[in-house]
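# An overview of the molecular structure
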Amino acid sequence: MQPEDAKNQHLTFKKKERICSKLTIERLLEKKQKFFVYPFKCYYDFTPRTDADSVHRILITVPKRNFKHAVDRNRLKRLIREAYRQNHRQIFDNQIPDNLRSDLFFLYVGKEILPYNLIEDKIIEILQRLTKVVRS
RNA sequence: AACAGCAGUUGUUCCGUCGCUGCUCCGAAAGGAGGAGAGGAAAGUCCGGGCAACACAGAGCACCGUGCUUCCUAACAGGAAGGGGUCUUGCAAAGGGCCACGGCAAGUGCCACAGAAAACAAACCGCCUGCACGCAGGUAAGGGUGAAAACGCGAGGUAAGAGCUCACGACGCCGCGCAGUGAUGCCGGUGAUGGUAAACCCCACGGGUUGAAAAACCAAAUAAACCGAGGCCUGAGGGCUGCUCGCCCGACUCGGAGGGUAGGUCGAUUGAGCCGGCCGGCAACGGUCGGACUAGAUAAAUGACGGAACUCGACAGAACCCGGCUUACAGACUGCUGUUUUUU
RNA sequence: GGCCCCGUAGCUCAACUGAAUAGAGCAUUUGACUACGGAUCAAAAGGUUACAGGUUUGAAUCCUGUCGGGGUCA
C-alpha cells in the first residue's frame, strides 16, 4: 500500500484520509492516548489493517473558544492540513508496519496564528514521535 | 483646489509547480484532460416571505406584534412621497437634522422628597367681610415648595376674588363648509381642562404551531413483537385425561413482512434573481424587449512554495433560498450641498 | 443552523411591580487587643449597575440596538 512507483509520489490528501464518523471520533477520544507538542494536542489510535483500502486518517480541530472568527479557524486548519500533506508519506507512513492503520486527531490549543514554517516543524516532530511509539 | 457632510460604486492583479470540492469528457480500473469554485456585509439573527410537516367547520377569549397619511411590495417593524412636531442656522425668506407620531375628554393606578394641596378633596403665609383680638365665613389675585400647582394673557366684574363674563390665543370634537385621494390646513360652531399608556389598559389592523437537526426516498446489523412452514427419525416442555392415540399451545429451526438505527440519496441551487435599452411614475417602483449564465460542500472544498507589479491590500468565509434592517470596514472613485482660498 | 437565559464592589450575591445615599458577606487597607501572629472588635476605601441611545421630572429597574458570557436541540 505504500507508494513505491513514481506515479504515486503525488502528495494527495483525499476525502478517505479524513475521519468523518462521529463514532470513530468518540472511540479515539475514549482511548485517551495523547501527548502535547505545543501548540498541538495529539490523540492517536492504532488499529490492525482490516482491508486493503483502509488508510491512515486524521482529524484537525481548532476550537472556537480561542479563535472567534471563522476566517482564522479556516486559515489554521488549512495550514495544518498542508503541513501534514507535505510530510506524512516521507517520515510517517513509510515507518509504520503494513498491518497497522492509524487514526490521528490534531487539536490546536494555541492562542494565536503561527506562521506556516513553525507549524510544519511541529507536525514533523509529532509524526516522528508517533513512529517511536509504534516501534516500542 | 482643499476641507466637511450626505448618497452611491469598488474593495489587489498576473505567471509557474504541488494540493482541495463539484461538473463535463476519456478510461475496465488506477487515473488523466478541460472548465468552475465565498461576501457586500457571507456576520448579528432583529423583522418579513417562499418551502415543508402537523393542526384547523365558524366565531370568540388569551397571548404577541404593529400604530400620522397615501403609495410601493410576495410580505414587512423596510422603502418613496407627503403631513405634523421638535432642535438648529439665519434679521427675514428659506434651508438642514431628528422623531415608537393612535387614545389619559373610556376606566383604573401612580406622581418619592419638598409643599397647605399632586387633582376626591383641601387652604400655610396672604387678601376681604363679620364679631372683637383669635375665631367664623368668603377667596384662589400674589408669596413660598416642587420636574409639574387647576389653560395663558388683557379687560369687565367684585367686599376681596374666581372662565364668573367677554376678546385674542393653546387644546379636543363636529360640519356632506372650502382645498386635498388622505393625514392635514383654513373657516364656522361647540366643549373640556395637570402629567404619565417604552403604567395596567382601550381602539384599529395583523399573527395557527414548528423549523432543513423540517420533510421525502433507499436501507445493512441487532433485539423483542407479528405472519407462514417445520417442530419428525429423536428429544425440550405444557394443556385436554387415570392411561394410550389424537388435537392444541409451544422452546427451537428456516423463511417473510413491517417499522426503522448506522449509512446513503433527495431537499439543494435558475432565482418575487442580475445587466442594458425603451415606456409609465415626482419617487420608491412597475411594464416591456434583449443579453449573460451563475459555489453547492456535508466534521464541511480556495492552501503551500517560487517569481513579478503597484497605491503594499480593510472588515471578514456560503451551509435551504430570497426581500429588508442593524453592525464591522484600509484605501480608491463618482455625484450633490456648504465653507474657505486662488484664477478668469 | 435554530431557540433560550444572564451581565451590579477584587469574588459570591441582594436591591428588578421606577424615587434620588445602589446594600450584605468574604477579601483589601488602617486602628485597637497581643510579647508576636491568628481569631475578635471598630473604621475606611472600593461602582460610568457590560456599552450606546431613548421614554420619564427621575432609569440598575421600562424600551431599542450593540458587545461579552452561558445553556439547549442530533
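Residues numbered from 1 in each chain as written. Chains lettered and ligands numbered in written order. Predicted model: local features only at pLDDT ≥ 70, side-chain atom pairs only at ≥ 80, totals over all residues. Heavy atoms only, no water.

### Here's the deal with helix H2 (residues 70–91)
Over its 22 residues, H2 runs 31 Å from end to end, which matches the ideal 32 Å to within 8%, given 1.5 Å per residue. Of all the bends in H2, the largest measures some 30° and sits at Arg85. Buried within H2 are the following residues: Arg73, Leu76, Leu79, Ile80, Ala83, Tyr84, Asn87, His88 and Arg89. Among the structural elements, strand E2 (40–48), strand E3 (57–61), strand E4 (100–108) and helix H3 (116–135) are those in contact with the buried residues of H2. (Helix = DSSP H or I, 4+ residues; strand = E, 2+ residues; numbered from the N terminus. Expected span 1.5 Å × (residues − 1). Bend = angle between axes of the 7 residues up to and from the residue. Buried < 20%, exposed > 50% of the residue type's maximum accessible area, 1.4 Å probe, protein only. Contact = heavy atoms within 4.5 Å.)

### Concerning unusual backbone geometry
Cis rather than trans, the peptide bond between Tyr38 and Pro39 has omega equal to 5°. Tracing the backbone through its elements, the reader meets Pro39 in the loop between strand E1 (34–37) and E2.

### As for the confidence of the model for chain A
On average, chain A scores 78 in pLDDT, and the residues at 70 or more come to 88%. Within chain A, helix H1 (residues 22–31) has the poorest average pLDDT of any element, 74, and H3 the best, 88. Scored as a whole, the predicted complex attains pTM 0.79, and scored at its interfaces, ipTM 0.79. (pLDDT = per-residue confidence, 0-100.)

### Re the pairing of E3
Summarising burial for E3: four of the five residues are buried, a large majority. Bridging between E3 and E4 involves five bridges; their strand directions are parallel. Looking at the pairing, Ile60 lines up with Phe106 of E4. (Pairing = 2+ DSSP bridges.)

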